[in-house]
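# Observations on chain architecture
What follows is each chain in one-letter form.
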Amino acid sequence: MVLLSQIIGALLGLLGIILGAFGAHKLKKSFSQEQLVSFETGVKYQMYHAFVLLMIGFNYNLETKAEQYMVLSFILGTILFSFSIYGLCVSASKGKRLRFLGSITPLGGLLLVLGWALLFYSFIDTLI
């Protein structure tokens, strides 16, 4: 699980840089200002959670179920949240908005909240 956290964290960071550059240069021509802001939000959240996954992978043994669920929540939450935003922005710019993605984004956000709650719990658990 440690290696998974590190690999996915590095991959999300790599893709975040690529997608951020792509959004800033290529998509600027075909996206509205609102779509660019949404796309950037997806990239920011992806990068934040890439760093979190790396930090967790280097500082935790990830042996408990709570720690493992934390990693899975961050991975799935980031994918669902950020990539659904990307899909919404790209599809809207093509005039074919994929509305079903709008219900996936909050699910991803909820998983991110769960990941952060489990991280908080891991800190409290060490104090007790």
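Predicted model only: the values in this text are computed from it and were never measured. (Residues numbered from 1 in each chain as written. Predicted model: local features only at pLDDT ≥ 70, side-chain atom pairs only at ≥ 80, totals over all residues. Heavy atoms only, no water.)

## A closer look at the overall build of the protein chain
- Within the protein chain one finds 4 helices and 0 strands.
- Along its sequence from the N terminus, the protein chain presents helices and strands in the succession α-α-α-α.
- For the protein chain, restricting intrachain contacts to residue pairs at least 6 apart in sequence, the fraction spanning at least 24 positions comes to 76%.
- Put simply, the protein chain shows about 7,600 Å² of open surface, and 70% of that area lies on carbon and sulfur atoms. (Helix = DSSP H or I, 4+ residues; strand = E, 2+ residues; numbered from the N terminus. Contact = heavy atoms within 4.5 Å. Areas by Shrake-Rupley, 256 points an atom, 1.4 Å probe, with all protein chains shown as cover.)

## A look at the packing of helix α1 (residues 2–25) against helix α3 (residues 65–93)
- Look at α1 against α3: their axes get within 11 Å of each other, and the N-to-C directions meet at 20 degrees. Taken together, the axes of α1 and α3 lie roughly parallel to each other. Relative to α3, the crossing made by α1 is left-handed. Taken together, the residues of α3 that come into contact with α1 (itself represented by Leu4, Ser5, Ile8, Leu12, Leu15 and Leu19) are Val71, Ile75, Thr78, Phe83 and Tyr86.
- Considering only residue class, the contact of α1 with α3 consists of 9 nonpolar, 2 polar and no charged. (Axes fitted to C-alpha atoms, helices over the stretch in contact; angles between N-to-C directions. Parallel < 35°, antiparallel > 145°, perpendicular 65-115°, else oblique. Left-handed = near helix turned anticlockwise from the far one by under 90°. Nonpolar A, V, L, I, M, F, W, Y, C, P; charged D, E, K, R; others polar.)

## A short note on unusual backbone geometry
- The phi dihedral of Leu62 is positive, around 55 degrees, even though this residue is not glycine.
- Following the sequence through the fold, Leu62 ends up in the loop between α2 (33–59) and α3.

## Focus: the packing of aromatic side chains
- Within the structure shown, the criterion is met by 6 aromatic pairs.
- Here the aromatic rings of Tyr45 and Phe81 are separated by 4.9 Å at their centres, their planes lie at 40 degrees, and the arrangement is tilted. Of the two residues, Tyr45 is situated in helix α2 and Phe81 in helix α3; the sequence distance between them amounts to 36 residues.
- Taking relative accessible area as the criterion, Phe81 reaches 12% and is therefore assigned buried.
- Judged by centre distance (5.1 Å) and plane angle (80 degrees), the rings of Phe83 and Tyr86 are edge-to-face. Of the two residues, Phe83 and Tyr86 are both situated in helix α3; the distance of 3 residues between them amounts to about one turn of the helix.
- Residue Tyr86 is classed as buried on the basis of its relative accessible area, which comes to 6%. (Phe/Tyr/Trp six-rings, centres within 6.5 Å; stacked < 30°, edge-to-face > 60°. Buried < 20%, exposed > 50% of the residue type's maximum accessible area, 1.4 Å probe, protein only.)

## Digging into the nonpolar core
- By size, the foremost hydrophobic cluster in this structure holds 26 residues, and its most contacted members are Phe39, Leu53, Ile56, Met70 and Phe74.
- When residues of this core are traced back to their parent elements, those giving at least two are α1, α2, α3 and α4 (101–127).
- Those residues in contact with Phe39 that sit more than four places away from it in its chain are Leu19, Gly23, Leu27, Phe31, Ile85, Tyr86 and Cys89. (Core = buried A, V, L, I, M, F, W, Y, C linked by side-chain atoms within 4.5 Å.)

## Digging into the UniProt feature "transmembrane region" (unreviewed entry) in the protein chain
- In this numbering, the UniProt entry assigns the feature "transmembrane region" (unreviewed entry) to residues 6–24, 45–62, 68–88 and 100–124.
- The span residues 45–62 carries 83% helix and 0% strand; its end-to-end C-alpha distance comes to 23 Å.
- Helix makes up 100% of residues 68–88 and strand 0%, whereas the separation of the span's terminal C-alpha atoms amounts to 30 Å. (UniProt positions renumbered as here; feature names shortened; annotations may be inferred.)

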